[in-house]
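Each chain, letter by letter, is given below.
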Amino acid sequence: MPTVPAEGGKTDMERIGLFSEMEYITVGDKYVSQFNRPFNEAASKSKQMLPGGSKAMSDLQAGYFDPRFVRIFEGEGYVNLNQVRRRDMMEAARKNLGKAFFPSSGEKKPCGLGSYYGTIGGPVPFFSAQSRPREKYKAPGKNLYTNPGKKGTGYGYANITIGKQFSHSADFYDAAKLNYKKANEEHHRLLKGAPFKLNLHPRDYFDANPYFSEEPLPPIKKEEKKESISNTFKPSSPGKKPGGMKAGTFDPYPSHSADPYMAKLATISGKNDKIFHPPGGPKSRPVESIMTLNVRRALNSKNYKTASVPSY
C-alpha cells in the first residue's frame with residue numbers, strides 16, 4: 001500500500017525509521033500450521049528405505065548374516081585328539097631307562113578299629129585302653145551329729161529358731177507423734193535468738209510499676225487564667241519588602257548604566273537563502289539477535305525443505 005503523509009508531514013516509513021519497505025515473499029502461499037507441519041517433508045513422500053527385518057538365531061543358514069557358512073581356516077586337515085594323546089604317551093615311555101618301579105612289599109592295611117597292624121611305630125603305650133593301678137578306696141568318716149531339728153512350721157510355734165525367742169515390748173499407738181514432739185522441743189531449746197531472715201525479697205519477672213504509690217494524691221491544682229493581650233505587637237520599624245525599586249536592600253539603588261544599541265538581524269527574503277536545520281540523529285529500527293541471524297543463515301526460504309537436523 002502506498003504510504004500517505006501524516007499530519008506532521010512525514011510518511012509512515014519515515015516515522016518507523018526503515019530505509020525501505022520490507023518485501024512480501026509469501027504472497028500466494030498456502031497457510032500451513034506450525035503444529036501440523038512436518039519437519040522433514042521428504043521423509044513422508046516417495047519410497048523409503050525398508051530393512052529386511054530382524055533374523056532369529058537358528059541352525060539354518062538364514063540365521064546368519066553370510067549366505068553360506070565360512071570356515072575360519074581353509075584347507076586345514078582333520079586331527080584326532082586321541083591319536084595325538086597316544087603319540088605323546090609313547091614318546092614319554094621311550095625316555096624311561098628301565099621298567100617301572102615297584103616296592104619290595106606292598107603296604108599293610110589295618111584289620112580293625114584300634115588296631116596298630118600296618119603302622120610303622122607300633123602301639124603307643126600312652127593311648128592304651130588298660131586301666132591304671134589305683135590305691136584302695138577309703139570311705140570318709142561320718143558327719144557331725146547334732147540334736148535333731150525342731151518340729152513346726154514357724155507360724156505360731158515358740159522356740160523353733162536357732163536363737164532365743166524375742167521378748168515382747170509394748171508399742172504405743174502415737175509413738176511417732178510423741179517422738180517428733182520431743183525432738184522439736186529439743187530443737188527449739190537449742191536455738192538462740194530469732195530466726196535469721198534475709199532482706200532480699202523475691203522479685204517478679206517484670207519491674208514494678210514506677211508510677212504506683214501508696215501515698216494519697218495531692219489536691220487538684222486549679223489552672224490560673226492568663227490575661228489575654230488585646231493589642232497585637234507591632235515593631236517600631238518593620239522590614240522593607242523587596243520590590244521593583246530595590247527598596248528592601250541594605251545598599252542604595254545602583255546607578256543606571258546605558259546599554260549599547262544592538263541592531264536586529266535582517267529577515268531572509270530570498271528563496272535560496274534558507275535557514276539551516278541540522279539533520280536528525282540516527283533513527284532507531286528493529287534489531288534482531290545474533291541467534292536469529294545464525295538460524296536464518298543456516299535455514300532460509302530456499303533450503304528449509306532440504307535442511308537436516310545437526311547432530312551434537
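Note that the structure is a prediction, hence the values are computed from the model and not measured. Every chain's residues receive numbers from 1 upward, in the order its sequence appears when written. The predicted origin of the model limits local features to residues at a pLDDT of at least 70 and limits the giving and counting of side-chain atom pairs to 80 or more, whereas totals for whole chains, interfaces and linings rest on all residues. Side-chain measures here rest on the full set of heavy atoms in the structure, leaving out hydrogens and waters.

Colleague: Please explain the overall build of the chain as it appears in this structure.
Modeller: Each helix is a run of H or I in the DSSP string that is no shorter than four residues. Each strand is a run of E no shorter than two, and both are numbered from the N terminus. Scanning the chain from terminus to terminus reveals four helices and zero strands. Counting from the amino terminus, helix and strand elements in the chain follow one another as α-α-α-α. Here's how the labels work: a residue is buried when its accessible area is under 20% of the maximum for its type, exposed when over 50%, partly exposed in between, all with a 1.4 Å probe on protein chains only. For the chain, the proportion of its 312 residues judged to be buried stands at 1%. The contacts of the chain with a sequence gap of at least 6 include a subset with a gap of at least 24, amounting to 19%. For the chain, the exposed area adds up to about 36,100 Å²; of that, 59% sits on carbon and sulfur atoms. Note on definitions: a residue-residue contact is assigned when non-hydrogen atoms from the two residues lie within 4.5 Å. All accessible-area figures derive from a Shrake-Rupley calculation using a 1.4 Å probe, and residue coverage is judged against the displayed protein chains alone.

Colleague: Would you take a moment to explain the pattern of salt bridges for this structure?
Modeller: Where charged atoms of side chains with opposite charge meet at close range, the side chains can pair. Note on definitions: salt bridges are taken to be side-chain nitrogens of Lys or Arg within 4 Å of carboxyl oxygens of Asp or Glu. A complete count under the given rule lists one salt bridge for this structure. Salt-bridge contacts for Arg-189 lead to Glu-186; the nearest nitrogen and oxygen are separated by 2.3 Å. In this pair, Arg-189 and Glu-186 are both assigned in helix H3 (residues 175-190), three residues apart and thus about one turn of the helix distant. By relative accessible area, Arg-189 is classed as exposed at 56%. Owing to a relative accessible area of 36%, Glu-186 belongs among the partly exposed residues under this scheme.

Colleague: It is not clear to me how a nonpolar patch on the surface should be interpreted in this structure. Could you clarify?
Modeller: Within the patch definition used here, like charges are joined within 9 Å and nonpolar side chains (Val, Leu, Ile, Met, Phe, Trp, Tyr) within 5 Å, considering only residues with over 30% relative accessible area and no salt bridge. A cluster of nonpolar side chains, contributed by Tyr-116, Val-124, Phe-126 and Phe-127, occupies part of the molecular surface with about 460 Å² of accessible area. Assignment of secondary structure puts Phe-127 in the loop between helix H2 (81-94) and H3.

Colleague: Got a minute to help me understand H3 in this structure?
Modeller: Because each turn of an α-helix spans 3.6 residues, side chains separated by three or four positions end up pointing in the same direction. The first and last C-alpha atoms of H3 sit 23 Å apart over 16 residues, in line with the 22 Å expected at 1.5 Å per residue. Counting buried positions along H3 yields zero of 16 residues, so the element is predominantly exposed. In this scheme, a helix's expected span is set at 1.5 Å multiplied by one less than its residue total.

Colleague: Would you mind going over H2 with me for this structure?
Modeller: Taking 1.5 Å of rise per residue, 14 residues should cover 20 Å, and H2 covers 21 Å from first to last C-alpha, within 8% of that figure. What qualifies as a polar contact is a pair of N or O atoms within 3.5 Å, subject to a donor-acceptor requirement within protein and to the restriction that residues adjacent in sequence count only when both atoms come from side chains. One side-chain oxygen of the residue at the start of H2 lies 3.4 Å from the amide nitrogen of Asn-82, identifying that residue as Asn-80.

Colleague: How should the environment of Gly-63 be read in this particular structure?
Modeller: Looking at the secondary structure, you find Gly-63 in the loop between helix H1 (12-16) and H2. If we ignore the near neighbours within four places in the chain, the residues touching Gly-63 are Ala-56, Met-57 and Ser-58.

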